[in-house]
Amino acid sequence: MPHKKVNWIELFNDLIFVAAIATVTHTLVHVEDGHIHPDYFLKFALIFIPIWWAWVGQTLYINRYGEDSVKDRLWMIFQMMFVILMTASLSVDFDAYFLPFLIGYLGIRFIAAIQYLMIARVETGPRKIVAQYLGYGFLIGGLISLGSVLFDSWFRYFVLYMGIAIDILIPLIGRKHLKKVPINTPHLLERFGLLTIILFGEFIVSIVAIVNGVDHLGKGLLVLFISFTLVMAMWWQYFENVEKKIDKESETSGQVIIYGHLVIFMAMSVIAAMIQVGFLYSLHKGLFVSLAFGATFLYFIGTTTVFHKYRHPHTRLGMKHFFILLGLIASFWAVSFLLPVQETVVFIELACFFILYAFMTVK
């Protein structure tokens, strides 16, 4: 399989998503009387999913059909203006920013649909069928979301996200067609790796906020050491697998990579938020522990699923090691929930888990 190079306009496009990721992560840093209101968890998901899908949409088009031509660059530049509009409209106050968010999101999705329909005119065979299928499918999803402007109150959000849900399901429904035009695996893994770096950037933002927020140098240095050790263990485990353990010649529809990373990214965002919340805010201990270890569990399941699918068979994580790691998460979770441990201990436990996870999967 030829290794398609990530082009510079894709990297520039990623920079715009830095602000979007920061906004969605900050959604969970709203602590009131020791709790995060359930509305914020819902809003976190409702903001995160369109961001992820907007990024995925253009990435997959470039992966299958992009050529870094002047035409493709102009389309992406045009799309980036809508990404900026959507990012500027991301807020927990949905009503006040509904219309600009809708224009931004639909602009991104309609451009993707147009690109697929235009490329279908010059392609032949399965590549033509896939381009037509995705173009018309995304157009339908976008038109349903557009219908939300006809309604008021909660129902317009129902219509908006029904269109987004259909948009997301289109590739899954047409998987048999997409398998005939496989993704460029090296390019797609590199693209998701670059977005993962952005998510790791949110960890650094949280660590800096903590070091600036604590009133004792010794505590600041301890927090820096523990939290950065945790982050580097996660980084090592993820990128060592992507770089050395994955079969980059696999020819698939790429859906395990795509949808698996939604779980991975949401989990990373929650962990990054909990690093900041755990040291700077008075969150109820049970909620803090459950969010920290629940997100760790989801990250573990997400990365294990993605890497298991694409790793060389002889390097896959065995069932014995899988259950050891799962048991470790459960044990740390139970101990931290039931015993009066401090937040620092929780992060030491998380760091120990990720160090062991890295060791077991990259050795």
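None of the values given here were measured: they were computed from a predicted structure. By convention here, each chain's residues receive numbers from 1 onward along its written sequence. pLDDT decides what is reported in this predicted model: residues at 70 or higher carry local features, side-chain atom pairs at 80 or more are listed and counted, and totals for whole chains, interfaces and linings draw on all residues regardless. Excluding hydrogens and water, the side-chain figures rest on all heavy atoms present in the structure.

> What's the story with empty space enclosed by the protein in this structure? I'm lost.
Which parts of space are left empty comes out when a probe the size of a water molecule is rolled across the atoms. The definitions used throughout rest on a 1 Å grid laid over the protein atoms alone, on which a cavity is an enclosed set of points accommodating a 1.4 Å probe that cannot get out and a pocket is an open set flanked by protein within 12 Å on both sides along at least five of seven lines; lining residues are those having an atom within 4 Å of a point. Grid points are joined across faces, edges and corners, and a volume is the space filled by probe spheres set on the points. On inspection of all chains with the given rule, the structure shows five cavities of 30 Å³ or more. Approximately 110 Å³ is the volume attributed to the largest cavity. Lining of the largest cavity is provided by 13 residues; of these, Ser 89, Ser 91, Phe 94, Tyr 97 and Phe 101 occupy positions nearest its centre. When contributions to the lining of the largest cavity are tallied by element, the ones reaching two or more residues are helix 2 (38-64), helix 4 (98-120) and helix 6 (153-173). Secondary structure elements are defined from DSSP: runs of H or I of at least 4 residues count as helices, runs of E of at least 2 residues count as strands, and each element is numbered from the N terminus.

> Teacher, can you tell me more about the pattern of salt bridges here?
Two side chains that carry opposite charge are able to pair once their charged atoms sit near each other. When a carboxyl oxygen of Asp or Glu lies within 4 Å of a side-chain nitrogen of Lys or Arg, that pair is called a salt bridge. Summed over all chains, the structure comprises seven salt bridges. Among the ionic pairs, Asp 14 bridges to Arg 191, the shortest N-O distance being 2.7 Å. Placement of Asp 14 in helix 1 (residues 8-26) and of Arg 191 in helix 8 (residues 185-213) is noted, with a sequence separation of 177 residues between them. For each residue, the accessible area found with a 1.4 Å probe, counting protein chains only, is set against the maximum for its type, and the residue is called buried under 20%, exposed over 50%, and partly exposed in between. Judged by relative accessible area, which is 1%, Arg 191 ranks as buried. Between Glu 123 and Arg 127 there is a salt bridge, with its nearest N and O atoms 3.0 Å apart. For Arg 127, a relative accessible area of 30% corresponds to the partly exposed category. One network of salt bridges, with partners in common, ties together Glu 10, Asp 14 and Arg 191.

> Even after reading the chapter, I still don't get a nonpolar patch on the surface, so can you show me in this structure?
Distance thresholds for patches are 9 Å for like charges and 5 Å for nonpolar side chains (Val, Leu, Ile, Met, Phe, Trp, Tyr), applied to residues having over 30% relative accessible area and no salt bridge. Areas reported as accessible are Shrake-Rupley estimates using a 1.4 Å probe. Residue values count occlusion only from the protein chains shown. Residues Leu 85, Leu 99, Ile 103, Leu 143, Leu 146, Val 149, Leu 150, Phe 151, Trp 154, Phe 155, Phe 158 and Met 162 make up a contiguous nonpolar surface patch of roughly 1100 Å² in combined accessible area. Residue contributions to the nonpolar patch peak at four residues, all from helix 6.

> Please clarify how the packing of helix 1 against helix 2 should be interpreted in this entry.
Packed helices, taken two at a time, are described by their axes: the angle between them and the distance between them. Only the stretch in contact is used when fitting a helix axis, every axis being a line fitted to C-alpha atoms; angles between N-to-C directions are given from 0 to 180 degrees. At a closest axis distance of 10 Å, the pairing of helix 1 and helix 2 adopts a crossing angle of 170°. When the interaxial angle is binned, helix 1 and helix 2 end up roughly antiparallel. Between helix 1 and helix 2, the residues in contact are Glu 10, Asn 13, Asp 14, Phe 17, Ala 20, Ile 21 and Val 24 and Phe 44, Ile 47, Phe 48, Ile 51, Ala 54, Trp 55 and Ile 62, respectively. Polarity classes work like this: nonpolar for Ala, Val, Leu, Ile, Met, Phe, Trp, Tyr, Cys and Pro, charged for Asp, Glu, Lys and Arg, and polar for all others, with Gly in that last group. Counted by class, the contact of helix 1 with helix 2 contains eleven nonpolar, one polar and two charged residues. The scheme is simple: roughly parallel for angles under 35 degrees, roughly antiparallel for over 145, roughly perpendicular for 65 to 115, oblique for anything else. In this description, contact between two residues means that some pair of their heavy atoms is separated by no more than 4.5 Å.

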